[in-house]
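The chain contents come next:
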Amino acid sequence: MLRSCSKTEFERYTDFIYELATDLTKSGYPTYCDGIKTKVEFSERSAKAFVRDTEHMLLFEHESEVQGMIHYFWVPEDQYLQTICFNINKATEQAIAEFLTYVSERFKGYDAFLRFPAENNSAVNYLSGQGFECIENDFNNTAFLDRFDDLRKTIDLIQIKRENYELFESLHRQTEGYWNSERMLADLDNWIIIGKETDGILQGTVYYRALALVDGWFEIYGIDMRQGDDDSQLFKELLNAALIDAKHRNGRFMTFFCEEEYEKAAMECGFLCVGNNLCYKAHLE
């Protein structure tokens, strides 16, 4: 059974829920197994559910005992809903089924996104078995920037600003998803975009931004290369450039989700693999 969770109840069950958050087999993404986030960050992020109008927290009870917690948020203008905590000790399949029924009744027409580690067999097997589309299958990597030095080989780079944004836009339109060119331009002050230019044409870019939950934490959101290019060397050079640039900005950590074909390159650049992230999409009817 699902029911709303009060702040008092959350405080009562924090230790239990956080323990689940550190177990890839019983939790969802974002993971707390990345060597970055701690119990302090977990508590602080969870507390937002009690002060924000577009977030909600649920407790899951099974056989008269609390077995987990679900925290989600929604973006009304985009009809977008996403879980940011789905930590269940027992009966994960039942929790997912009840959650989808619960949000379908309240968010008809929305697209819901649920992310889990591949290690959470109960969740991924249920979602796959129910025919939900897996729209993202990539690897979660962490780089600890205090382990990097500035002697790494870099390439001649340019910074993308408003005055030369059209260079990035022409390349990014090949691959853009939620963070499309228009959204990024509107929020450009919060992005760092680095690119390699040849004869006035961008050959590749890496773009990242700071994450608010932990001081000195950045995430690479993507690397774009010209369509048809398969330049692993350029890919690694752009990764290295982002790591060094973030360190110069007093960065401590860098997160990077990448597809399997680039995981070897990420490891060669010094990233450590946290695990395999799977994202499922459900249209709420």
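This text gives an overview of the structure that appears in the document. (Residues numbered from 1 in each chain as written. Predicted model: local features only at pLDDT ≥ 70, side-chain atom pairs only at ≥ 80, totals over all residues. Heavy atoms only, no water.)

### Structural notes on the overall build of the chain
A count of helices and strands for the chain gives eight helices and twelve strands. Its C-alpha atoms give the chain a radius of gyration of 20 Å, within 12% of the compact-globule value 19 Å for 285 residues. In terms of its C-alpha atoms, the chain occupies a principal-axis envelope of roughly 65 × 40 × 35 Å. Taken across its 285 residues, the chain has 52% of its residues classed as buried. In the chain, once contacts between residues fewer than 6 apart in sequence are set aside, the share between residues at least 24 apart is 67%. Carbon and sulfur atoms form 45% of the exposed surface of the chain, whose accessible area is close to 13,700 Å². Across the chain, 29 positive and 50 negative side-chain charges occur, with their mean positions spaced 4 Å apart. (Helix = DSSP H or I, 4+ residues; strand = E, 2+ residues; numbered from the N terminus. Rg over C-alpha atoms; globule rule 2.2 N^0.38 Å. Buried < 20%, exposed > 50% of the residue type's maximum accessible area, 1.4 Å probe, protein only. Contact = heavy atoms within 4.5 Å. Areas by Shrake-Rupley, 256 points an atom, 1.4 Å probe, with all protein chains shown as cover. Lys, Arg positive; Asp, Glu negative; His and termini not counted. Charge placed at Lys NZ, Arg CZ, Asp CG, Glu CD.)

### Some points on the packing of aromatic side chains
Summed over the entire model, instances satisfying the criterion amount to 27 aromatic pairs. Plain terms: the ring middles of phenylalanine 256 and phenylalanine 271 are 5.8 Å apart, the flat faces sit at 50° to each other, and that makes the pair tilted. Within this pair, whereas phenylalanine 256 is found in strand E11 (residues 253-258), its partner phenylalanine 271 is found in the loop between helix H8 (260-268) and strand E12 (272-283), the two being separated by 15 residues in sequence. Assigned by exposure class, phenylalanine 256 and phenylalanine 271 land together as buried. Among the aromatic residues, ring-to-ring pairing joins Phe73, Tyr80, Phe113, Tyr165, Phe168, Tyr178, Trp179, Trp191, Tyr207 and Tyr221 into one connected group. The positively charged end of arginine 183 is found above the aromatic ring belonging to tyrosine 178, 4.0 Å away from the centroid. (Phe/Tyr/Trp six-rings, centres within 6.5 Å; stacked < 30°, edge-to-face > 60°. Lys NZ or Arg CZ within 6 Å of the ring centre and 35° of its normal.)

### Notes on the environment of leucine 145
Within the secondary structure, leucine 145 is located in the loop between strand E6 (133-144) and strand E7 (158-159). Residue class for leucine 145 comes out buried when judged on its relative accessible area of 0%. Linking leucine 145 and histidine 248, residues 103 residues apart in sequence, is a C-alpha distance of 9.7 Å.

### Observations regarding the environment of phenylalanine 144
Of note, phenylalanine 144 is situated in strand E6. Judged by relative accessible area, phenylalanine 144 falls into the buried class, the value being 16%.

### Section: the pairing of strand E3 (residues 65-75)
Where a strand is regular, its side chains alternate between the two sheet faces. Across the eleven residues of E3, ten count as buried, placing the element largely inside the fold. With eight bridges connecting them, strand E2 (residues 55-62) and E3 associate as antiparallel partners. Note that in E3 the partner of histidine 62 across the bridge is glutamate 65. Between E2 and E3, which pair antiparallel one after the other, the connecting turn spans two residues, and glutamate 63 there sits at a positive phi close to 55°. Of the strand pairs in this sheet, E3 and strand E4 (residues 80-88) are connected by eight bridges, and their pairing is antiparallel. For tryptophan 74, the partnering residue across the bridge sits in E4 and is leucine 81. Counted between consecutive antiparallel strands, the loop separating E3 from E4 contains four residues, among which glutamine 79 sits at a positive phi close to 50°. (Pairing = 2+ DSSP bridges.)

### A closer look at empty space enclosed by the protein
Counted according to the given criterion, the structure contains one cavity of 30 Å³ or more. In this structure, the largest cavity occupies an estimated 30 Å³ of space. Taken together, Ala21, Ser27, Gly28, Pro30, Tyr32, Phe42, Ile84, Cys85, Phe86 and Asn87 form the lining of the largest cavity. For the lining of the largest cavity, the element with the most residues is E4, which contributes four residues. Partitioning the lining of the largest cavity into residue classes produces seven nonpolar, three polar and no charged. (1 Å grid on protein atoms, 1.4 Å probe; cavity = no way out; pocket = protein on both sides within 12 Å on 5 of 7 lines; lining within 4 Å. Points joined across faces, edges and corners; volume = space filled by probe spheres on them. Nonpolar A, V, L, I, M, F, W, Y, C, P; charged D, E, K, R; others polar.)

### Some words on the sheet that holds E11
Pairing is mixed in the open sheet, where twelve strands are placed in the order E1-E2-E3-E4-E5-E12-E6-E11-E10-E9-E8-E7. Looking at the sheet topology across the chains shown, the edges are occupied by strand E1 (2-4) and E7. With seven bridges connecting them, strand E8 (residues 192-198) and strand E9 (residues 201-211) associate as antiparallel partners. By the bridge assignment for E9, lysine 196 is matched with glycine 204. Each of E1, E2, E3, E4, strand E5 (111-117) and E12 touches helix H3 (residues 92-106); the most contacted strand, E4, lies at about 155° to it. (Axes fitted to C-alpha atoms, helices over the stretch in contact; angles between N-to-C directions.)

Keep in mind that these numbers describe shape and distance, not what the molecule does.
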